[in-house]
Amino acid sequence: MDFIQEKLQSWFYERRTTAEGIFREISNWAEATLEEKSKLAFTFRVLPIDRLKFNVKEGGMEFIVDLDKRTCDCCQFQLDEIPCEHAIAATDSIYQKKSAFCSAYYSRDFWLKTYEGHVNSIGDSSTWVIPKTIKSEITKPPDEKVMLGRRQKNRHVFGTKFKKESRCGRCKQYGHNRTNCTNSAVVHPYARKYRKKND
């Protein structure tokens, strides 16, 4: 528990400090995602339909982008709530900021709100003020139903623990197989060869 507390404390401090140090409108991850998508966006052909509605052509495919409703025919814009490649191509054609069409969850303000809390240490146990009502309580183990029968020692038995020893099909001895057998074959008492010799 102490390790988890220390880890969360360091994470909250580091990420809160990072968020306070940026001056962009969106988080670092959202900015990097938009830059990655922009690499393909400049190759698309954009045909305006309305002030905020565009027909974006990618190869032999066409996509309708509505920046007002924040939708695209590829559905990535609606699912991620961050402009897709086609929406980025549309925003670049009208010289608008790509970050303006991102969801508020990707903004710097939301990033700061996520890590605005402080994870405080519990301090030395000798300095704790524990009420008498809690000190007097006796914590018992939970009631558990004991199953009938003999208790299993090992929960899982490994397959290598009880490995079956190989047996030769020719001489019927253990430790080798038929291919590398050097012993003579054992004749079954009811075999034809055996019956002819005894008759």
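Scroll up to find the structure.
Per chain, the residues get numbers from 1 upward, laid out in the order the sequence is written. Only residues with pLDDT of 70 or above have their local features reported here, since the model is predicted, and side-chain atom pairs are shown and tallied only from 80 upward, although totals for entire chains, interfaces and linings are computed over all residues. The side-chain quantities take in all heavy atoms of the structure and omit both hydrogens and water.

**Re the sheet that holds strand β4 (residues 71–72)**
- Pairing in this open sheet of four strands is antiparallel, and the strands run β1-β2-β3-β4 from one edge to the other. Looking at strand neighbours, the two that pair on one side only are β1 (45–48) and β4, the edges of this open sheet.
- A pair of strands is labelled paired if DSSP reports no fewer than 2 bridges between them. For the purposes of this entry, the term helix denotes a DSSP run of H or I that reaches at least four residues, the term strand denotes a run of E that reaches at least two, and both are numbered from the N terminus. In terms of strand pairing, strand β2 (residues 53–58) meets strand β3 (residues 61–66) through six bridges, oriented antiparallel. Pairing of E58 across the sheet is with M61, part of β3.

**Overview of the packing of aromatic side chains**
- Any two of the Phe, Tyr and Trp rings considered here, Trp counted by its six-membered ring, make a pair once their centres fall within 6.5 Å; the pair's planes then place it as stacked at under 30 degrees, edge-to-face at over 60, or tilted in between. Per the stated rule, a full pass over the model turns up three aromatic pairs.
- When the ring of F12 is compared with that of Y115, the centres are 5.3 Å apart and the planes differ by 85°; the resulting orientation is edge-to-face. With a gap of 103 residues between them, F12 in helix α1 (residues 2–21) and Y115 in the loop between α5 (108–114) and α6 (132–135) connect regions that are remote in the sequence.
- Ring centres of W29 and Y106 lie 5.7 Å apart, and the angle between their planes is 20°; this geometry places the pair in the stacked category. Linking W29 in helix α2 (residues 28–41) with Y106 in the loop between α4 (85–93) and α5, this pair joins segments that are 77 residues apart in sequence.
- Its guanidinium or amino end placed over the ring of F110, K113 lies 5.5 Å from that ring's centre, counting from NZ or CZ. Both a distance and an angle decide whether a charge sits over a ring: NZ of Lys or CZ of Arg must be within 6 Å of the ring centre and within 35 degrees of the ring normal.

Any functional reading would require information that these geometric values do not contain.
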